[in-house]
Amino acid sequence: MNQKTTAGSTARGSARQSIIRGLLSGSWLVSVLAIVIALVAGAVLIILADSDVQRAAGYIFARPSDFFYYAFHSVLEAYSALFRGAVFDWNANSFVRSVRPLTESLVSGTPLILTALGIALAFRSGLFNIGGQGQVILGAIVGGYLGYAMHLPVVLHMIVALVGGMLAGAIWASIAGVLKAKTGANEVIVTIMLNSIALYLMAYLLKQEWYKHKEGSIPLTANIDSTAHFFKILPDPFRLHIGFIIAILATAIIWWLLERSTIGFEMRMVGQNPAAARTAGISVSKVTIVVMAIAGALAGAGGANQVLATEGNVGGGIAGTIGFDAITVALLGRSRPIGVFFAGILFGGFKAGGYLMQAQTGTPIDIVLVVQSIIVLLIAAPPLVRAIFRLPEPIEKRREDTKSSGTSTGAAAADSADAKAESTEAAEAAQTTAAAAKGGEER
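Residues numbered from 1 in each chain as written. Predicted model: local features only at pLDDT ≥ 70, side-chain atom pairs only at ≥ 80, totals over all residues. Heavy atoms only, no water.

Turning to the overall build of the chain, a few remarks are in order. A count of helical and extended segments in the chain gives 17 helices and 0 strands. Taken over 443 residues, the chain has a buried fraction of 43%. Of the contacts formed within the chain by residues at least 6 apart in sequence, a portion of 71% connects residues at least 24 apart. (Helix = DSSP H or I, 4+ residues; strand = E, 2+ residues; numbered from the N terminus. Buried < 20%, exposed > 50% of the residue type's maximum accessible area, 1.4 Å probe, protein only. Contact = heavy atoms within 4.5 Å.)

Written out as structure tokens, the structure is:
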């Protein structure tokens, strides 16, 4: 009985340790810790930029308590303002005003989610789509033009403008896909060049009278028709619109595409091993073109979202840095649709809260960009995060190491056995030769 109890306790202990090890070695924990480290680094920059802290540093040895008080107070104020601008403002005079920051984070995160889904899809397929910015610009150009140049009924006009932006992004990204598939051109270089071409194309169009309809020092197009606007899903003063629902649907569709569809299996197969995929009969060229077209369509939807939901017209800064920020979002989300969705909301919160942080505390909004950059750095180097927190290696890596070690050990054992067999055969042959020679001498 005691032996059974001991065995059961040992099994439960092993299972508990296995669960803990699995949690500590998961990639999600690396992402969370990367955010924590980035926020700590941001806190250091906030302290260095605060004027009260700088003044207290002049007499730190006389009254060190002042320095630490101002340092703590500056970080607390800055991050409190960031939270109040991104999630919940407890200083607001009404409940509606209190929860509005959360909806603003969703509004800011919507184009990031759409664009990052396309980049993540390309990453999972072994393609480095760095051209999200250009695809966003093309989506904004075409979606905005259809938004004010055509006059259609409500909903239909919105759908036509959105689909037009998606087609523009898909065609623009397909240029890189076709060049990659047919000529082997490096998609990183091609998409970067397409970013520049898209930027200059927009600058050219904004100088053309048939495209630009507003006079002024800043070239802008006419405002899109009210029939093309994304309608709101919440009443004023909220700005949350149907684009966020589209982002949710896009996340679900891309998840199903990658995890449950045949073409998604082919995409993942090409991403993991193109040679094996080609041997299995998968057309790598077709998959490359299809992936880039879908990625471009998603980024184009992000650009159209900017015009049809947020800005209302097309200007030189319509795309902002959405295409480049989306790369960060895709990396933080580990190129998984669900992860990308929540990473997009997080970065939308950084953007929405950063403005209030700067306005109320005087903290430079550039610190938010530094935090985002540190997150990218740490996400790109998981071993660094694991080394800092002494986390175990991922289970898959340990299995591979064990397998390779076992293979090496087995090969060494086989070589040893072969050598032993060869030496035994050589000894037997020598004994036979010696016996034959002795018999010959006796005769």
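Picking up after the structure, the text goes on.
With that out of the way, let us pick up the nonpolar core. Leu308 and Ile375 are the most contacted members of the largest nonpolar core, which has 98 residues in total. Setting aside anything within four residues of it in sequence, one finds Leu308 in contact with Gly143, Met158, Ala161, Leu162, Ile224, Ala228, His229 and Phe230. (Core = buried A, V, L, I, M, F, W, Y, C linked by side-chain atoms within 4.5 Å.)

Under the defined criterion, the tally for this structure stands at 12 aromatic pairs. Considering the side-chain rings of Phe67 and Phe68, the 5.4 Å spacing of their centres and the 80° angle between planes classify their relative orientation as edge-to-face. Between Tyr145 and Tyr148 the ring centres are 5.6 Å apart and the planes differ by 80°, which places this aromatic pair in the edge-to-face class. Residue Tyr145 and its partner Tyr148 are located together in helix H6 (residues 132-149), separated by 3 residues, close to a single helical turn. Among the residues examined, Tyr148 registers a relative accessible area of 8% and is labelled buried. Pairwise contacts between aromatic rings join Tyr145, Tyr148, Trp210 and Tyr211 into one cluster. Taking NZ or CZ as reference, Arg84 lies 5.8 Å from the ring centre of Trp90, over its face. (Phe/Tyr/Trp six-rings, centres within 6.5 Å; stacked < 30°, edge-to-face > 60°. Lys NZ or Arg CZ within 6 Å of the ring centre and 35° of its normal.)

Here the amide bond leading from Asp236 into Pro237 is cis, since omega sits at 10°, within 30 degrees of zero. Even without a glycine there, the phi angle at Val155 is positive, about 75°. By secondary structure assignment, the location of Val155 is in the loop between H6 and helix H7 (156-183). According to the relative accessible area criterion, Val155 is partly exposed, its value standing at 38%. Even without being glycine, Arg334 reaches a positive phi, approximately 55°. Positionally, Arg334 belongs in the loop between helix H13 (322-332) and helix H14 (337-361). Given the relative accessible area of 25%, Arg334 is considered partly exposed.

Now for the side chain of Gln306. Turning to its location among the elements, Gln306 is positioned in helix H12 (residues 284-311). Filtering out sequence-adjacent residues up to four positions away, Gln306 remains in contact with Pro111, Glu311, Gly312, Ile318 and Ile322.

Once that is clear, we can look at the confidence of the model for the chain. Chain-level pLDDT for the chain is 86 on average; 82% of the residues reach the 70-or-more range. The model gives residues 407-417 a pLDDT under 50, and that stretch makes 0 contacts with residues more than four places away or in other chains. (pLDDT = per-residue confidence, 0-100.)

Quick look at the packing of helix H10 (residues 262-272) against H12 now. Where H10 meets H12, the axes come as close as 10 Å, and the angle between the chain directions of the two elements is 110°. When the axes of H10 and H12 are compared, the pair comes out roughly perpendicular. Here H10 contributes Glu266, Met267 and Val270 to the contact with H12, which in turn contributes Val284, Lys286, Val287, Val290, Val291 and Ile294. Of the residues in the contact of H10 with H12, the class split is 7 nonpolar, no polar and 2 charged. (Axes fitted to C-alpha atoms, helices over the stretch in contact; angles between N-to-C directions. Parallel < 35°, antiparallel > 145°, perpendicular 65-115°, else oblique. Nonpolar A, V, L, I, M, F, W, Y, C, P; charged D, E, K, R; others polar.)

We now examine the packing of H6 against H7. Interhelical geometry of H6 versus H7 gives an angle of 150° and a closest axis separation of 7 Å. Our pair here, H6 against H7, has a crossing hand that is right-handed. The residues of H7 that touch H6, namely those facing Gly134, Gln135, Leu138, Gly139, Val142, Gly143, Leu146 and Gly147, are His157, Val160, Ala161, Gly164, Gly165, Ala168, Gly169, Trp172 and Ala173. Classifying every residue of the contact of H6 with H7 by side-chain character gives 8 nonpolar, 9 polar and no charged. (Left-handed = near helix turned anticlockwise from the far one by under 90°.)

Time to look at the pattern of salt bridges. Counted by the stated rule, this structure contains 9 salt bridges. Glu259 is the salt-bridge partner of Arg124, the closest N and O atoms lying 3.3 Å from each other. Of this pair, Arg124 sits in helix H5 (residues 95-124) while Glu259 sits in helix H9 (residues 242-260), and the two are 135 residues apart along the sequence. Classification of Arg124 by relative accessible area gives buried; the value is 15%. In this structure Glu259 comes out as partly exposed when scored by relative accessible area, which is 28%. Each of Arg100, Glu104 and Arg239 takes part in one network of salt bridges that share partners. (Salt bridge = Lys/Arg side-chain N within 4 Å of Asp/Glu carboxyl O.)

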